[in-house]
Structures are given as C-alpha cells and as structure tokens.
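Breakdown of the fold
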2 protein chains.
Amino acid sequence: MDTSSSGPPTDHSGLEVLSLDECRQLLDTQQIGRIAFISTGEPLILPVTYRMHRGHIVFRTTTGEKLDAARNAASVGFEIDEWDASDQSGWSVIVGGTAQDVEDPAEITELKELGLRPWADTVARNNWVRIIPNEISGRRI
Amino acid sequence: MDTSSSGPPTDHSGLEVLSLDECRQLLDTQQIGRIAFISTGEPLILPVTYRMHRGHIVFRTTTGEKLDAARNAASVGFEIDEWDASDQSGWSVIVGGTAQDVEDPAEITELKELGLRPWADTVARNNWVRIIPNEISGRRI
C-alpha cells in the first residue's frame, strides 16, 4: 500500500484501497456475493444470496458442492462488487475465510429470522452455511 | 440435470440450465468477470476486465498474484453474472479452465486490437493472460 502521496491509499495496481469499515458497510448492504472453493482440486466460483450475521457471511443451500465445502470446514474466498460501465467506476470487496455448517438449532432459528430468502425457491434450502472471515479487503476504481 | 418434465432443463437446485450457446453469448457481451485461483493454498476471487478472443477469456494485468497464477499454468475458475433485485431474476455463467501467460508477440499485437482497456489506468498493465476453458456452464433464476 502506498501512503506516501496525498489522497486515499492505493495498492500496487493503482487502485484505491477501501478501509475495513467501508468493506463491512458494503458487505452489510449487498444481497448477492460469490463464493470460491476447491472442488475436486480446482477453484470453483458460485453466486449465493447471503446476509451478514454477527460478522459472519451466512447463506442457505441445498446439498451439493457448496455444502460439502462447508462440511469440510474448507478455506473459501468470497467476493462482492458493483460496477458502472458508463463511467467505468466500481468497487469490490474480497473476503478470505473458513466455511462451516451451522448446526446449533438455536442459531438456525436466529438465522431464519434474518429474512434471507433464496431467489430460487423451487427446491428447499434447509442447510445454513457460515463463512468466518479471516481477511477482508476492498478496492475502488 | 432433470429433463423428464416439460420446460427448460433444471439442475438439482431447481435452477434453469443455460445451453452452451447461451453461455458463450453471455461471455461475449460482458465486460467484467471474476477469476478464482489458489493463492498460498487458499481460494481467492478477483474481478477482471476481460474480452473473449478465439474462444479464450483474455485480460491484462500488472505483475502480482493474477499473473503468478497464470505463469504456473494454474487451474482457475471464472464467473460472470447479472442480477435484478427488483424481480429477483438473474443468471450466472461459470468457467473452469487453465490460465496461461500470452507470450507470442504476434498474438499480443492481435490482443491489443481488441480495444480492451482496463478501467484502472494509473499503472501499466502490459501482461496478457488467457484462460483456456475446459468447462462452461450457466444457470438462470
């Protein structure tokens, strides 16, 4: 991070670096993010409808790869962003963390009260996964 | 994929499955995608400004993690999507592939003619990376 010149700090690519507070605010306001995890040895990205809860990223899932990554308490990446092609502006926040199944019935009851409804509702998504962030960073163009 | 009922095919989550042609058309029309790769053992997602060229996803980068993943001919994930919160609709296309440095000067000359200008232009991005897709799939909500 280059903080020697005036203006907001920038990274080695010349992008403005967001503060942790800004990153958290952006995480609080988005609905859709993308999770990356290792599936049979290869990185896979999938979009998820999520909410923040007690500092964790939480989402619902049916059985499948997303849940399997969580069950193995795997390292995951998570990303949100927003872009405006008209003036080529935008921002992104990336999170590195650990995914876990949520198993405690009391906590699941709490999560159900967040009002998180998956956009696709043709299949029940009764399993909850949390991502516990280890690292949060953000950039703005 | 469930093709037994009428209507478009759906996956195990109940999402509509896009055809390969639809996926390719969507890849041709977007400007920003996200690449996922393994960085020090953990999955990392980064947004990139990209173009399609001869069936490959190409983007420019300065030195750093994105290029290092390419130099190791690493397996990468790539994703594009578009969402409309007002009617909770959207789609995503995910690609699994191999990243490579582009080194042939004649090919770099071709790539420069694609008109791909990174949105952030404060730092020169003189290195080109291609992703050679192995798998392409898409879903619509």
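Right above here is the structure, for reference.
Only a predicted model underlies this, so the values are computations on that prediction, with no experimental measurement involved. (Residues numbered from 1 in each chain as written. Chains lettered and ligands numbered in written order. Predicted model: local features only at pLDDT ≥ 70, side-chain atom pairs only at ≥ 80, totals over all residues. Heavy atoms only, no water.)

Now for the overall build of chain A. Scanning chain A from N- to C-terminus turns up three helices and seven strands. Across chain A, helices and strands are ordered from the amino to the carboxyl terminus as β-α-β-β-β-α-β-β-α-β. Looking at chain A residue by residue over its 141 residues, the buried ones come to 45%. Considering only intrachain contacts with a sequence separation of at least 6, the fraction spanning at least 24 residues in chain A is 67%. (Helix = DSSP H or I, 4+ residues; strand = E, 2+ residues; numbered from the N terminus. Buried < 20%, exposed > 50% of the residue type's maximum accessible area, 1.4 Å probe, protein only. Contact = heavy atoms within 4.5 Å.)

We now examine the interface of chain A and chain B. A common way to express how large an interface is: the accessible area buried when the components associate. Between chain A and chain B, the contact holds 39 residues from the first and 39 residues from the second. Interface of chain A and chain B: buried area, both sides summed, is about 3,100 Å²; carbon and sulfur atoms make up 66% of it. Across the contact surface, chain A and chain B share four salt bridges. Across the salt bridge formed by Arg34(A) and Glu79(B), the nearest N and O atoms sit 3.5 Å from each other. Run the count over chain A and chain B and you get six residue pairs in polar contact (both at pLDDT 80 or more). Counting residues per element, the ones that place at least two in the side of chain A that touches chain B are β2 (32–39), β3 (42–53), β5 (75–84) and β6 (89–101) of chain A. Examining the composition of the side of chain A that touches chain B, we find that eight residues originate from one element, β5(A), more than from any other. Split into classes, the residues belonging to the side of chain A that touches chain B amount to 20 nonpolar, 13 polar and six charged. (Buried area = accessible area lost by both parts, 1.4 Å probe. Salt bridge = Lys/Arg side-chain N within 4 Å of Asp/Glu carboxyl O. Polar contact = N/O pair within 3.5 Å; in protein donor to acceptor, adjacent residues only side chain to side chain. Nonpolar A, V, L, I, M, F, W, Y, C, P; charged D, E, K, R; others polar.)

This part covers helix α3 (residues 105–112) of chain A. All names here are of chain A. Residues Glu 107, Ile 108 and Leu 111 constitute the buried set of α3. One side of α3 holds all its buried residues, which, seen down the axis, span an arc of 100°. Opposite the packed face of α3, turned more than 90 degrees from it, sit the exposed residues Pro 105 and Lys 112. Buried-residue contacts for α3 involve β3, β4 (56–61) and β7 (127–140). (Arc of directions from axis to C-beta.)

A word on the environment of Leu18(A). Residues and elements named next belong to chain A. Counting through the fold element by element, Leu 18 comes out in the loop between β1 (16–17) and α1 (20–29). Accessibility expressed as a relative area gives 6% for Leu 18, which makes it buried. For the pair Leu 18 and Gln 88, spaced 70 residues apart in sequence, the C-alpha separation works out to 17 Å. Those residues in contact with Leu 18 that sit more than four places away from it in its chain are Cys 23, Leu 26, Trp 91, Ser 92, Val 93, Gly 138, Arg 139 and Arg 140.

Following the criterion strictly, the structure yields 18 salt bridges over all chains and no others. With its nearest N and O atoms 2.6 Å apart, the salt bridge here joins Asp11(A) to Arg139(A). Here the residue Asp11(A) occupies a position in the segment before β1, and Arg139(A) occupies one in strand β7, the gap between them amounting to 128 residues. Put simply, Glu107(A) and Arg130(A) hold a salt bridge, and the shortest N to O gap is 2.8 Å. With Glu107(A) in helix α3 and Arg130(A) in strand β7, this pair connects stretches of sequence that are 23 residues apart. In this structure Glu107(A) comes out as buried when scored by relative accessible area, which is 18%. Taken together, the shared-partner salt bridges connect Arg34(A), Glu79(A), Asp81(A), Arg34(B), Glu79(B) and Asp81(B) into one network.

With that settled, the discussion passes to the environment of Val102(A). Along the chain, the position of Val102(A) falls in the loop between β6 and α3. Once the C-alpha coordinates of Val102(A) and Phe59(A) are considered, the two residues, 43 residues apart in sequence, prove to be 10.0 Å apart.

Another point: the relation of the copies chain A and chain B. To go from the first copy of the chain to the second, apply a rotation about an axis and then a shift along the same axis. Aligned on chain B, chain A shows an RMSD of 0.0 Å; the corresponding rotation is 180° and the shift along the axis is 0.0 Å. The transformation just described matches what one would write down for a two-fold rotation axis. Most of the interface of chain A is mirrored in chain B, where 100% of its interface residues again form contacts. (Least-squares fit on C-alpha atoms with pLDDT ≥ 70 in both.)

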